[in-house]
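What follows is the residue order along each chain.
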Amino acid sequence: MPIIVSRVAPNTPADNAIPRLNEGDQVLFINGRDVSQHTHEQVVMFIRASRETHSGELVLKVRPNAYSGDDNSDEPDFVYDPETHQISSATTGANALDLSLKLLEESLESGAALAQFEQLYRKKPGMTMNIARLEANVPKNRYRDISPYDQTRVMIKNANNGDYINANYVNMEIPVSGILNRYIAAQGPLPTTCIDFWQMIWEQQSTLVVMLTTKVERGRIKCHQYWPDLYETSDFGPLQITCVKEEESASFAFREFNLTHVESAEERHISHMQYIAWPDHGVPDDPADFLDFVQKVRQKRVGLVEPSIVHCSAGIGRTGVLITMETAMCLIEANQPVYPLSIVRQMRDQRAMLIQTPNQYKFVCEAIIRCFNEGIVKPLPEYQQR
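Residues numbered from 1 in each chain as written. Predicted model: local features only at pLDDT ≥ 70, side-chain atom pairs only at ≥ 80, totals over all residues. Heavy atoms only, no water.

Would you mind showing me how to read the sheet that holds strand 5 (residues 164–174) here?
Whether parallel or antiparallel, the strands of a sheet pair through hydrogen bonds between backbone atoms. Read across the open sheet, the nine strands follow the order 4-5-6-14-7-13-12-11-10; overall the sheet is mixed. Edge positions in the sheet fall to strand 4 (153–155) and strand 10 (233–236), since each has one partner strand and no second. Within the sheet, the average angular offset between the axes of one strand and its neighbour, ignoring direction, is 30 degrees. Strand direction decides the pairing type here: strand 7 (residues 208–211) and strand 13 (residues 267–275), joined by four bridges, are parallel. The partner of Leu208 across the bridge, within strand 13, is Ser271. (Pairing = 2+ DSSP bridges. Helix = DSSP H or I, 4+ residues; strand = E, 2+ residues; numbered from the N terminus. Axes fitted to C-alpha atoms, helices over the stretch in contact; angles between N-to-C directions.)

Structure, rendered in structure tokens:
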């Protein structure tokens, strides 16, 4: 098959080249090498290898407008590399942060941001999900196509029915600041996995659970109620949970639990924060409410070393949006540039499919821009001179 340029991301060397590389151009030679008989993967390798040459130069010989059809169903998957959007190291501090968000605004307006998001891999190549598909574990998955990577999955040490739970560690490091935000991204518990869920919370010593779904949406069960009602107590295997506080508004519900290990009598305090006004596969009706909720989550996370549990129904869409938003806020405070696509890539390297839809990605990008432009989060004084 001929090597055809299917897309050109804005503000990349391909876009800024003179003459510009265009959609529909056929690539004939790469740095003098005839690629007419090579595969797509080999061509990608040749292009990337040019970075390692002494000159770092990439010369493409192309046949302009060799293909102008609209059917791209047979195109190989295009994996967008966010490195092409990194601002050079000469641009640092507030300037880099400001430029990164201006770039984000431009790419949202042009539609490039959503195109790049859709080109990014949903599951990291080379990562396996074999444990989730074992016969004993299949009933523990809420959705057949949402599985945790084997390499980053959370393992339950003291479970009676195996160590499996549909959850992954997701760690997000904030450059310069020394901050490492630790999360466990999980599916909403099933009636049969509530014991496993609380066992995970106990073993991981987590004290914060963030829930981004209601129990039922559009008549479909999205998450089992894995906690007791106010002032009531429920047993989950060796653990006992008592709900000691509950406050509800139109958008949020905040609860406090006492979690007790019956055998040892050890007791821990758990904060439970639920965002109610967030439809599945959709986005919150009010971005201001969402940003307010994320800020409240961040306040609860201050000083926490243990991972925070974050879940929606599948543990990928809304869960990914919240982690992306908090990561972006931390980057702004550290006076670091914000590249949402790089954040999504880092998340998907640890749990597949985080941020599920282009609509969710657009929402979080717009929320990041609003957060910066309105000064909801600002660079902290200790980073302003960097």
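Having seen the model, we can carry on.
Help me understand helix 7 (residues 317–333), please; the structure alone is not making it clear to me.
Since the α-helix advances by 3.6 residues per turn, residues separated by three or four positions end up pointing in the same direction. For helix 7, which comprises 17 residues, the first-to-last C-alpha distance of 25 Å matches the rise-based estimate of 24 Å (1.5 Å per residue) to within 8%. Burial analysis of helix 7 places 17 of its 17 residues in the buried class, which makes it a mostly covered element. (Expected span 1.5 Å × (residues − 1). Buried < 20%, exposed > 50% of the residue type's maximum accessible area, 1.4 Å probe, protein only.)

What's the story with the sheet that holds strand 3 (residues 60–63) in this structure? I'm lost.
Read across the sheet, three strands follow the order 2-1-3 without closing on themselves; strand pairing throughout is antiparallel. Both edges of this open sheet fall to strand 2 (33–34) and strand 3, since each of them pairs with a single strand only. Where strand 1 (residues 26–30) meets strand 3, four bridges bridge the pair, whose relative direction is antiparallel. What sits directly across from Phe29, in strand 3, is Lys61.

What exactly am I supposed to notice about the side chain of Gln26 here?
Along the chain, the position of Gln26 falls in strand 1. Other than its neighbours up to four places away in sequence, Gln26 contacts Pro2, Ile3, Ile4, Lys61, Val62, Arg63 and Ala66. (Contact = heavy atoms within 4.5 Å.)

Could you clarify how one ought to interpret the pattern of salt bridges in this entry?
Should the charged atoms of two oppositely charged side chains come close, the side chains can pair. Under the counting rule described, the total for this entry stands at 15 salt bridges. A salt bridge links Arg255 to Glu246, with the shortest nitrogen-to-oxygen separation between them at 2.6 Å. With a shortest N-O distance of 3.5 Å, Glu256 and Lys300 are connected by a salt bridge. Pair noted here: Glu256 is in strand 12 (residues 252–261) and Lys300 is in helix 6 (residues 287–301), with a separation of 44 residues, a long-range link. Taken together, the shared-partner salt bridges in this structure form one network comprising Asp15, Arg20 and Glu23. (Salt bridge = Lys/Arg side-chain N within 4 Å of Asp/Glu carboxyl O.)

Looking at this structure, I do not really get the environment of Tyr361. What am I missing?
Tracing the backbone through its elements, the reader meets Tyr361 in helix 9 (residues 358–373). Overall, Tyr361 belongs to the buried group, its relative accessible area being 2%. Ignoring any residue separated from it by four or fewer positions in sequence, one finds Tyr361 in contact with Ala113, Leu114, Phe117, Pro340, Leu341, Val344 and Ile355.

Please clarify how unusual backbone geometry should be interpreted in this entry.
Of note, the phi angle at Gln205 is positive, near 60 degrees, even though the residue is not glycine. Relative to the assigned elements, Gln205 resides in the loop between helix 5 (194–204) and strand 7. Relative accessible area serves as the criterion here: at 44%, Gln205 is assigned to the partly exposed category. Residue Ile355 is not a glycine yet carries a positive backbone phi of 65 degrees. Within the element layout of this structure, Ile355 appears in the loop between helix 8 (340–348) and helix 9.

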